[in-house]
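Here are the chains, one letter per residue:
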Amino acid sequence: MRSPPDGCDVLVVGSGAAGLSTALTAAAHGLDVVLCEHADVLGGTTAISGGEVWIPLNRQNGRDAADSHDEALDYLRATVGPDLEEPRAQAFVRHAAEALAFLEDHSKVEYEALPHVVDYRSDAAGAKSGVRTLGALPFDGRRLGRHFASIRPPLATGTIFGGMAIGREDFPHLYNVTRSPRSFLHVTRMLTRHARDRLMGHDRGTRMVMGNALVGRLVCSLLERRVPMLLGCKVTELHMQDGRVNAATLLLEGKARRIVCQRAV
């Protein structure tokens, strides 16, 4: 969509994980959403990140079967120290798993447990091993159609052979490609698909991994819900009425446009 509407319920600024998740959540609740992104690609720094999240009490690891509310709070207190905002920390521990589950249940977002990943401060009180860190599953960028080209590509350091993305699940196979028939088959499939992608005219491989996969999953979900995503669209001014933001001025293709926001920006 190249022209913003005159109004919406919720205007979301930015298309990283936070912006895309906010837009998706609002749309899932039946609100009329518009998302604008200053850059000419979607994904922000999320698209070039590892795409992992730290979620205590997540359902991937059986919720409180492997973790506890008190241990998660103890870990945050030990790692953040006196600057920890206790009410926010408690709210995060209480609701983070619920928030991720909502995204997974209402979109194509899908996370897996990473049993080999320990909490950064493994010696801190409340630390856990292989329980709280989750990784986004790979995604088939071909499901985005022409919108695949609108996703920020991963960093060159995370690709080989001219844009073939390498995910965390690929490294063991690459290391063992000459020693394991299973790894040899895995790498062969990766190379074959990448060659086909390039022959089909893609600038990079369509197999999306890590943060790029998370962005792809969120964007695909927003496309299905017909949420407008405006690229190269800058918010230049927020307008207030009765103590709340009720409109914004957008700059798109050199033209200023005011959009009324009934619920939130």
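Description of the structure in this document. (Residues numbered from 1 in each chain as written. Predicted model: local features only at pLDDT ≥ 70, side-chain atom pairs only at ≥ 80, totals over all residues. Heavy atoms only, no water.)

Some points on the sheet that holds strand E2 (residues 33-37)
Okay, so step 1: Read from one edge of the open sheet, six strands run E10-E2-E1-E13-E12-E11, paired in mixed fashion. At either margin of the open sheet sits one strand with a lone partner, and together these are strand E10 (229-231) and strand E11 (233-241). Between one strand and the next, the sheet's axes are offset by a mean angle of 35°, whatever the strand orientation.
Okay, so step 2: The sheet contacts of helix H1 (residues 17-28) involve strand E1 (7-13) and E2, and relative to E2 the element is tilted by about 170°. (Pairing = 2+ DSSP bridges. Helix = DSSP H or I, 4+ residues; strand = E, 2+ residues; numbered from the N terminus. Axes fitted to C-alpha atoms, helices over the stretch in contact; angles between N-to-C directions. Contact = heavy atoms within 4.5 Å.)

So, the pairing of strand E5 (residues 133-136)
Okay, so step 1: Residues of E5 alternate between two faces, with Thr133 and Gly135 on one and Leu134 and Ala136 on the opposite face, all of them buried.
Okay, so step 2: Taken together, the three bridges between strand E3 (residues 52-54) and E5 define a ladder with antiparallel strand orientation. Bridging from a neighbouring strand, Glu52 pairs with Gly135 of E5. (Buried < 20%, exposed > 50% of the residue type's maximum accessible area, 1.4 Å probe, protein only.)

Focus: the packing of helix H2 (residues 69-80) against helix H3 (residues 86-105)
Okay, so step 1: Look at H2 against H3: their axes get within 10 Å of each other, and the N-to-C directions meet at 140°. When the axis of H2 is compared with that of H3, the two are oblique. In the packing of H2 onto H3, the handedness of the crossing is right-handed. Across the interface between the two elements, His69, Ala72, Leu73, Leu76 and Arg77 from H2 touch Glu86, Ala89, Gln90, Val93 and Arg94 from H3.
Okay, so step 2: The residue inventory of the contact of H2 with H3, partitioned by class, reads five nonpolar, two polar and three charged. (Parallel < 35°, antiparallel > 145°, perpendicular 65-115°, else oblique. Left-handed = near helix turned anticlockwise from the far one by under 90°. Nonpolar A, V, L, I, M, F, W, Y, C, P; charged D, E, K, R; others polar.)

Side note on the packing of aromatic side chains
Okay, so step 1: Evaluation of the coordinates by the stated rule reveals three aromatic pairs.
Okay, so step 2: An angle of 35° between the planes, with centres 6.4 Å apart, marks the rings of Phe171 and Tyr175 as tilted. Here Tyr175 and Phe171 lie together in helix H4 (residues 171-175), a separation of four residues that amounts to about one turn.
Okay, so step 3: Three or more aromatic residues joined by ring pairs make a cluster, and in this case those are Trp54, Tyr75 and Phe92. (Phe/Tyr/Trp six-rings, centres within 6.5 Å; stacked < 30°, edge-to-face > 60°.)

Some points on the sheet that holds E5
Okay, so step 1: The three strands are arranged E3-E5-E4 in an open sheet whose pairing can be described as antiparallel. Each edge of the sheet is formed by a strand with only one pairing partner; in this case those strands are E3 and strand E4 (111-113). In this sheet, neighbouring strand axes are inclined to one another by 35° on average, regardless of whether the strands run parallel or antiparallel.
Okay, so step 2: Bridge analysis of E4 against E5 gives three bridges, and the strand direction is antiparallel. Each residue of the ladder has a partner; that of Glu112, found in E5, is Gly135.

From the geometry alone we can't say anything about function, so treat these as descriptive.
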